[in-house]
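Structural overview for review
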Amino acid sequence: MQLYVEARIRADLDLLWHRTQDPAHHQRWDLRFTHIDHLARAEGEPQRFRYGVRLLPGLLVSGTGIASGEKRRPDGTRTSALRFASPHPLSPIARGRGYWRYLPGGDGIRFVTGYDYEPRWGRPGRIADRLVLRPLMGWATAWSFDRLRLWCERGITPERSLRHALAGVAARALAIGVAAAVAPPAAVPVAIAALWLPPSRDAPAARRCLRRPPGSGAATPPALLNSLRWS
């Protein structure tokens, strides 16, 4: 049940690395986090961080994690890995781990993530995770990766691309509402067309990302992840 997402990003590798490794940039494009802060660390130690997710106004679920990266690898690729956990009783995720791979090629950089986590609340939590949370997390990851792609490739900031996405949703909802009011029998086909209509090229879309590994071994966790340990 590991989640896998891959985006093809035609941008400079150092730029992509910076916008994914710097928490001030990361929290701007990643829909899964409200804020990310690095904590103090000793020289040579993995980076510890604190993260938060705002579930509702006034309700911030927080957790901590540890991460490490390999910026220079002999094959020209880069890798980062992390482990994270939240003690908050309202967090649906108890703990998890994941990785990012940066794989340069002739047609841009394959930016890949694979991650998994343990849901909270026992069997009810596992059922809710399978039916609701895990599909939602996969979609949010892919949508965020495409949001990052727009920023790196075309200079469309995360804030601007969000506005484009909201405008697209509003336009589709308006079309469905007008059809339902003016010609109710047409509401269903209009709704289907609105859902399948290609998104604006300026708005993020999860459908632009791969959601399954393209081949065997593509989703194998890096050795860096296996060596990362909580103290």
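Here, residues in each chain are numbered from 1, in the same order as that chain's written sequence. For a predicted model such as this one, the threshold for reporting local features is a pLDDT of at least 70, and the threshold for listing and counting side-chain atom pairs is 80 or more; totals across whole chains, interfaces and linings nevertheless cover every residue. Hydrogens and water are ignored here; the side-chain numbers use all heavy atoms of the structure.

Our next topic: the nonpolar core. Each nonpolar core is a collection of buried residues, namely Ala, Val, Leu, Ile, Met, Phe, Trp, Tyr and Cys, held together in the definition by side-chain atoms within 4.5 Å. Partly exposed residues are those whose accessible area sits between 20% and 50% of the maximum for their type, while under 20% is buried and over 50% is exposed, using a 1.4 Å probe and protein chains only. Counting 21 residues, the largest nonpolar core has I9, L16, Y102, F111, F145 and L148 as its most contacted members. The helix and strand labels rest on DSSP assignments: H or I over at least four residues marks a helix, E over at least two residues marks a strand, and numbering proceeds from the N terminus. Broken down by secondary-structure element, the contributors of at least two residues to this core are strand 1 (3-9), helix 1 (13-21), strand 6 (93-105), strand 7 (108-119) and helix 3 (122-154). Residues count as neighbours in contact if any of their non-hydrogen atoms are within 4.5 Å of one another. Not counting residues up to four positions away in its chain, the partners in contact with F145 are V5, A7, W29, W100, F111, V112, T113 and C209. Core analysis: the next-biggest nonpolar cluster, separate from the first, contains 10 residues, F49, Y51, I93 and Y117 among them.

Two aromatic rings, drawn from Phe, Tyr or Trp (for Trp, its six-membered ring), form a pair once their centres lie within 6.5 Å of each other, and the interplanar angle then sorts them: stacked below 30 degrees, edge-to-face above 60, tilted otherwise. On inspection of all chains with the given rule, the structure shows 10 aromatic pairs. Ring centres of W29 and F145 lie 6.1 Å apart, and the angle between their planes is 70 degrees; on these two criteria the pair is classed as edge-to-face. Taken together, the residues W29 in helix 2 (residues 23-29) and F145 in helix 3 connect sequence positions 116 residues apart. Across the pair, F145 and W29 agree in class, each one buried. Taken together through their ring pairs, the aromatic side chains of W17, W29, W100, Y102, F111 and F145 make up a single cluster. Placement of a positive charge over a ring is assigned whenever Lys NZ or Arg CZ falls within 6 Å of the ring centre and within 35 degrees of the normal to the ring plane. The ring of Y99 has R101 sitting right over it, with the charged end atom 5.3 Å from the ring centre.

At a minimum axis distance of 8 Å, the contact between helix 4 (residues 158-182) and helix 5 (residues 187-196) shows a crossing angle of 170 degrees. It follows from the interaxial angle that helix 4 and helix 5 lie roughly antiparallel. Two secondary-structure elements touch here, helix 4 through R172, A175, I176, A179 and A180 and helix 5 through A187, V190, A191, A194 and L195. Ten residues, namely Ala, Val, Leu, Ile, Met, Phe, Trp, Tyr, Cys and Pro, are considered nonpolar, four, namely Asp, Glu, Lys and Arg, are considered charged, and the remaining ones, Gly among them, are considered polar. Considered class by class, the residues forming the contact of helix 4 with helix 5 number nine nonpolar, no polar and one charged. Comment: axis = line fitted to C-alpha atoms, over the contacting stretch for helices; angle = value between 0 and 180 degrees taken between N-to-C directions. An angle below 35 degrees is read as roughly parallel, one above 145 as roughly antiparallel, one from 65 to 115 as roughly perpendicular, and any other as oblique.

In this section: the pattern of salt bridges. In what follows, salt bridge is the name for a side-chain nitrogen of Lys or Arg lying within 4 Å of a carboxyl oxygen of Asp or Glu. On inspection of all chains with the given rule, the structure shows 15 salt bridges. The salt bridge partner of E6 is R110, with a shortest N-O separation of 2.7 Å. Of the two residues, E6 sits in strand 1 while R110 sits in strand 7, which places them 104 residues apart along the sequence. Note on E6: relative accessible area 6%, which makes it buried. The exposure class assigned to R110 is partly exposed, which follows from its relative accessible area of 22%. The closest approach of N and O atoms between E153 and R149, which form a salt bridge, is 3.0 Å. Highlighted residues: E153 and R149, both in helix 3, separated by four residues, approximately one helical turn.

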